[in-house]
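Fold and contact review
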Amino acid sequence: MPKSHDTLMQVRCQQKEINNLIQRKIAVDDNIALVQKEVTDLKEKLKKKSQDCKDAKERALKVEEKTSLLLKNLEEEKQGLSTRCSDLLNDLEKQAAQWKEEKSDIDSKVKFLEDELKGTRNQVENLHNKCNELSSHLEHQQREVDVKDGEVIKFRKELQSLQCLYKESIEHAAQQAEVIQQLQALNVDTQKVLRNQEDAHALESRSYQKVIRYSYAMEPASREFTVVL
């Protein structure tokens, strides 16, 4: 882009110089016309004034020589200006062709960048759509997470309640185990007492049976003693 800008500025400067040369050429042509008019006027005066013919001829000759020299110089300057204009036009055509080529390259680059920009816009649009989809999915997931959090809080409360119940159950079980242990000890003591009572009852029964047998054994003798009396 900077190279194209410099070329354009150079072209503008050359165009301005050509315009200046054309203006100068027009001015030279005007001067030539004025000189030619002056020469014509002088010739007319020479015709009218015969008494000043010699001086007028000399003056006209000088003027003509001056005019010829001036015309020659102007013609040479005109030729130089024409050559300069031709050179500038050739340079201008070359620069225009170069600028056209550069413009074609720039247009190709611009088209390439526009295509890339279009592709980038499509990618951005796709990414935007994906972001919207992900946002919707994230919102859905967040709602599910909120529901799960509520369930977790509920489960935690239930777990705390179960832990409390478990703790109470353990304490109650410990108390029941202690009571069972006491009952087992009481049962052992009761069984010992029952065995002692059974042993005592058995001993008492044996003693009673012995007394009965002894009584039955002594009963005939008592009868005989009663009869004797």
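Residues numbered from 1 in each chain as written. Predicted model: local features only at pLDDT ≥ 70, side-chain atom pairs only at ≥ 80, totals over all residues. Heavy atoms only, no water.

This next bit is on the overall build of the chain. When you go through the chain residue by residue, the secondary structure sums to two helices and zero strands. Partitioning the contacts of the chain with sequence separation of at least 6, the portion at a separation of at least 24 is 85%. Carbon and sulfur atoms form 57% of the exposed surface of the chain, whose accessible area is close to 19800 Å². (Helix = DSSP H or I, 4+ residues; strand = E, 2+ residues; numbered from the N terminus. Contact = heavy atoms within 4.5 Å. Areas by Shrake-Rupley, 256 points an atom, 1.4 Å probe, with all protein chains shown as cover.)

In this section: the confidence of the model for the chain. Here the chain averages 77 in pLDDT, and 85% of its residues register 70 or above. In this model, residues 221–229 is a region of pLDDT below 50 whose contacts with residues beyond four sequence positions or in other chains number zero contacts. (pLDDT = per-residue confidence, 0-100.)

A cluster of nonpolar side chains, contributed by Leu159, Leu162 and Leu165, occupies part of the molecular surface with about 290 Å² of accessible area. Assignment of secondary structure puts leucine 165 in helix 2 (residues 53–228). Relative accessible area serves as the criterion here: at 47%, leucine 165 is assigned to the partly exposed category. (Patch = residues over 30% accessible without salt bridge, like charges linked within 9 Å, V, L, I, M, F, W, Y side chains within 5 Å. Salt bridge = Lys/Arg side-chain N within 4 Å of Asp/Glu carboxyl O. Buried < 20%, exposed > 50% of the residue type's maximum accessible area, 1.4 Å probe, protein only.)

On to the side chain of glutamine 95, then. Along the polypeptide, glutamine 95 turns up in helix 2. Residue glutamine 95 is classed as buried on the basis of its relative accessible area of 11%. Contacts of glutamine 95, omitting those with residues within four sequence positions, involve Thr7, Gln10, Val11 and Gln14.

This part takes up the pattern of salt bridges. Oppositely charged side chains can pair when the atoms bearing their charge come close. Going through the model one piece at a time under the given rule, you end up with four salt bridges. For the salt bridge of arginine 84 with glutamate 17, the shortest nitrogen-to-oxygen distance reads 3.3 Å. Linking arginine 84 in helix 2 with glutamate 17 in helix 1 (residues 2–48), this pair joins segments that are 67 residues apart in sequence. A relative accessible area of 36% means that arginine 84 is categorised as partly exposed. By relative accessible area, which is 31% here, glutamate 17 ends up partly exposed.

Ile18, Leu21, Leu81, Cys85 and Leu88 form the largest nonpolar core, which has five residues in total. Put simply, the parts of the chain that give this core at least two residues each are helix 1 and helix 2. The element best represented in this core is helix 2, accounting for three residues. Residues contacting leucine 21, with those up to four places away along its chain left out, are Leu81, Arg84, Cys85 and Leu88. (Core = buried A, V, L, I, M, F, W, Y, C linked by side-chain atoms within 4.5 Å.)

Our focus in this paragraph is the environment of cysteine 85. Inspection of the secondary structure assignment puts cysteine 85 in helix 2. Each C-alpha atom of the pair cysteine 85 and asparagine 19 lies 9.5 Å from the other, and the pair is 66 residues apart in sequence.

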